[in-house]
Amino acid sequence: MKQFEPFRLDAANSRLWRRDAQQDAPIVLPPKPFAVLRYLVDNPGRLITHDELLDALWPETYVQPQVLRTYMLELRKALGDDAENPRFIQTLPKRGYCFVAPVTDWNGTERRAPLGTALSMEEPARFVNRTEELAQLQRELKHVSAGERRVIFLVGEAGIGKTALVDAFCGQAMTAGTASVARGQCVPGVGGREDFYPLLEALSQLCALPGGEEARQVLAQMAPAWLAHTPQAPGADAAAPDRTIAGLSAALECLAAEQPLILVLEDLHWADGATLDVISALARRRARTKLMLLATYRPRSEASETPLKSLRHDLLIRKLGGEFVLAPLSRLSMAGLLSEQLSQKILPNGLAEFVHRRSEGNPLFAIAIVEHLIAQGTLVRKGENGAAAWELRRGLEQVEAGVPEGLVQMVELEIDRLSSEQQRVLEAGSLMPVAFPAWAVAAALACDEAESEEMCDGLARRLHFVERAGEDELPGGMRSAFYAFAHEVYREVLYRRQAAPRRAQRHVRIAERLGELFKGREADVTREMAMHFEAAGSWKRAVEALRLAAQHAERRHAHAESAELRQRAERIEMREIGA
Ligand SMILES: Nc1ncnc2c1ncn2[C@@H]1O[C@H](COP(=O)(O)OP(=O)(O)OP(=O)(O)O)[C@@H](O)[C@H]1O
Ligand SMILES: [Mg+2]
């Protein structure tokens, strides 16, 4: 283990620890930034060129050097480092990087975390209460440790705290070293387009870790076509048969033979049918394994309701799965959440009761109400630079009518308060599925890219529901920041409020701009372009892009992917074009 104060880097277990007064705390890093950090720490005090780093980390693949910049931003954030005045990572412009802090070997006798501990993208949220739910999950994990597989659905409305609970539970398991974790996220609009999407994400996580060699070997032996779909082994399916659910199930069971493995699948209401089939198979198989499948979903979601409903019903009836319904926060927990949000122990009189009642114990709604009260000037902080305690300027009974009944209406109200230009910028951002780059906003609105970045930065500074998530460099050297919504509900409201023809026009502009930006490198973006053309109902162009994407996949020997893309193109042709 390497040490550079106040951090320790455990390469074997892919963990970064920060020394703390009471207890060392793990820092959550995604696999690639972790690998970058590991390389730097293994080679301190010397210039590491971009090429050396790229060769070391992606030996067989061409990767844009710009991704390094994004990873460095992420690492600096995690280490609390400053690019201008670096304590750890120094950038040597146009040449590379140097790890400048002294590095020593650490011989402590820490408990080792399990191999293949894949990590979530975010730091676990600071957590309020939910002790009973955590204890229940711990009990389930005990059964899993004894070799009894578990399939657990974690159910609750949007914003009730499913992800927060999963983060806390997995964080505990990782810290205690009682289980490995792999996570996959279902993404709206992707289910039905890409089979097995969240599973492939989870597998990539398992394989990408430096300690993920075991996962790669097991997949290579038992499910080679699945390995081929991870970025760690592109093209490896040249001779492999198609992906089979049995192969994947057996591989996962094997990976969970010794050490419990928690496979988290988030937001199943957006899952593709193929992913649901895997869950069904995993629940029905009888071999002993230490596999815990933890799947979250919203019960009243419009998307993919029926197949998910019948899967859940079937598994529950046969006692092949369990379900936890996440209850609203109690009044006491709500007070804790608000104290944390406002960084204030003693809250203004009546605030917790009011927010609890109006939000019906939904944390996301509660946070939006607090933001609303602040924006309205009802909840204020006086003193120099607003340093004094938060207080209520009006009686809450006076603001009662101004707080909407539902979360969506609350979000609509927040958006209505913005200027029309700000609304347009955010609407354009909502056209992108996960994070939205400033260049896409500029393309959608046909405006200047630098201006759009300034607007987005301003919004990220001002609004609690938009944040700057990183910076990327595009082909040709152009840099563009990207942003994310704090919660999907913001993206949904912004997406829906655009009239369909305007939305379609904006989608097409983004697709066209993608084509321009990646001219000569279309292979990287044809899938994404197809998605925008489809969303715009621009069927012919969608089919063209899908066929091109299929050709590119074929060239990479990703035969299964290529076949999927072709089928998709055919379906659109039959359904929409009548060919
Ligand atoms: N117990 C909690 N303590 C502190 N913050 C919480 C808690 N539960 C939820 N939150 C916060 O409330 C917000 C919504 O929670 P979260 O994202 O976990 O909801 P969710 O149920 O996963 O929603 P979705 O269905 O939309 O994914 C987040 O900002 C989260 O950090
Ligand atoms: Mg969630």
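Predicted, not measured: the structure shown is a model, and the values here were computed from it. (Residues numbered from 1 in each chain as written. Chains lettered and ligands numbered in written order. Predicted model: local features only at pLDDT ≥ 70, side-chain atom pairs only at ≥ 80, totals over all residues. Heavy atoms only, no water.)

Colleague: Quick question: what am I supposed to make of the sheet that holds strand S7 (residues 96-99) here?
Modeller: Strands in a sheet are paired, the pairing made by backbone hydrogen bonds, and the direction either parallel or antiparallel. With antiparallel pairing, 3 strands are arranged side by side in an open sheet as S5-S7-S6. Edge positions in the sheet fall to strand S5 (48-49) and strand S6 (89-92), since each has one partner strand and no second. For S5 and S7, the ladder comprises 2 bridges, and the chain directions are antiparallel. Paired with isoleucine 48 across the two strands is tyrosine 97, which belongs to S7. Sheet strands in contact with helix H1 (residues 31-42) are S5, S6 and S7, and its direction is about 65° off that of S7. (Pairing = 2+ DSSP bridges. Helix = DSSP H or I, 4+ residues; strand = E, 2+ residues; numbered from the N terminus. Contact = heavy atoms within 4.5 Å. Axes fitted to C-alpha atoms, helices over the stretch in contact; angles between N-to-C directions.)

Colleague: For this particular structure, what's the right way to read helix H24 (residues 559-577)?
Modeller: What sets the pattern is the α-helix's 3.6 residues per turn: residues three or four places apart point alike. Taking 1.5 Å per residue as the helical rise, H24 with its 19 residues ought to reach 27 Å, and the 26 Å between its terminal C-alpha atoms agrees with that figure. For H24, the full list of buried residues reads Ala560, Glu561, Ser562, Glu564, Leu565, Arg568, Ala569 and Ile572. Two residues or fewer past H24, glycine 578 is found with a positive phi of approximately 70°. (Expected span 1.5 Å × (residues − 1). Buried < 20%, exposed > 50% of the residue type's maximum accessible area, 1.4 Å probe, protein only.)

Colleague: Could you clarify how one ought to interpret unusual backbone geometry in this entry?
Modeller: If a residue is not glycine, its phi is most likely negative; likewise, a peptide bond is most likely trans. With omega at -5°, the peptide bond leading from glutamate 5 into proline 6 counts as cis. Structurally, proline 6 is set in the loop between strand S1 (2-4) and strand S2 (7-10). The backbone of phenylalanine 196 shows a phi angle near 60°, a positive value even though the residue is not glycine. We classify phenylalanine 196 as buried; its relative accessible area is 8%. In this structure, alanine 446 is a non-glycine residue whose phi angle is positive, near 50°. Tracing the backbone through its elements, the reader meets alanine 446 in the loop between helix H18 (438-445) and helix H19 (449-462).

Colleague: So what exactly am I meant to see when it comes to the packing of aromatic side chains here?
Modeller: Aromatic ring pairs are defined here through the distance separating the ring centres and the angle between the ring planes. Tallying each qualifying case throughout the model produces 10 aromatic pairs. When the ring of phenylalanine 153 is compared with that of tyrosine 297, the centres are 6.1 Å apart and the planes differ by 80°; the resulting orientation is edge-to-face. Placement of the pair is phenylalanine 153 in strand S9 (residues 150-155) and tyrosine 297 in strand S12 (residues 291-297), with a sequence separation of 144 residues. For phenylalanine 153, a relative accessible area of 0% gives the class buried. Residue tyrosine 297 is classed as buried on the basis of its relative accessible area of 6%. Each ring, one from phenylalanine 196 and one from tryptophan 226, has its centre 4.7 Å from the other, and the planes form 65°; the classification is edge-to-face. (Phe/Tyr/Trp six-rings, centres within 6.5 Å; stacked < 30°, edge-to-face > 60°.)

Colleague: Can you help me understand empty space enclosed by the protein in this one?
Modeller: Over the atoms a probe the size of a water molecule is rolled, and this reveals where empty space is left. For the structure on display, the rule yields 1 cavity of 30 Å³ or more. Its volume calculated, the largest cavity comes out at about 30 Å³. Elements with a contribution of two residues or more to the lining of the largest cavity: helix H6 (197-208) and helix H9 (245-255). Among the elements that take part in the lining of the largest cavity, H6 stands out by supplying 3 residues, more than any other. (1 Å grid on protein atoms, 1.4 Å probe; cavity = no way out; pocket = protein on both sides within 12 Å on 5 of 7 lines; lining within 4 Å. Points joined across faces, edges and corners; volume = space filled by probe spheres on them.)

Colleague: Could you clarify how one ought to interpret the site of ligand 1 in this entry?
Modeller: Around ligand 1, a shell composed of 20 residues is seen, among which Gly159, Lys162, Thr163, Ala164 and His487 lie nearest. Lysine 162 has a polar side-chain atom sitting 2.6 Å from an oxygen atom of ligand 1. Here an oxygen atom of ligand 1 sits 2.7 Å away from a polar atom, N or O, in the side chain of threonine 163. In the complex, the protein chains occlude 86% of the 630 Å² of accessible area that ligand 1 would expose alone. Sorting the residues of the shell around ligand 1 by element identifies helix H5 (162-176) and helix H14 (363-376) as the ones contributing at least two each. Here the shell around ligand 1 is built from residues that sort into 10 nonpolar, 4 polar and 6 charged. Formed jointly, the shell around ligand 1 draws a minimum of three residues from each of two domains, domain 2 (131-325) and domain 3 (331-390). (Near = heavy atom within 4 Å. Polar contact = N/O pair within 3.5 Å; in protein donor to acceptor, adjacent residues only side chain to side chain. Areas by Shrake-Rupley, 256 points an atom, 1.4 Å probe, with all protein chains shown as cover. Nonpolar A, V, L, I, M, F, W, Y, C, P; charged D, E, K, R; others polar. Domains from an automatic or database assignment.)

Colleague: Which parts of the structure should I look at to understand the sheet that holds S2?
Modeller: Reading across the sheet, the 5 strands line up as S4-S3-S2-S1-S8 and stay open at both edges, with antiparallel pairing between neighbours. Edge positions in the open sheet fall to strand S4 (25-27) and strand S8 (104-105), since each of these has one partner strand only. In terms of strand pairing, strand S3 (residues 15-18) meets S4 through 3 bridges, oriented antiparallel. Residue pairing in the sheet places arginine 18 in a bridge with alanine 25 of S4.

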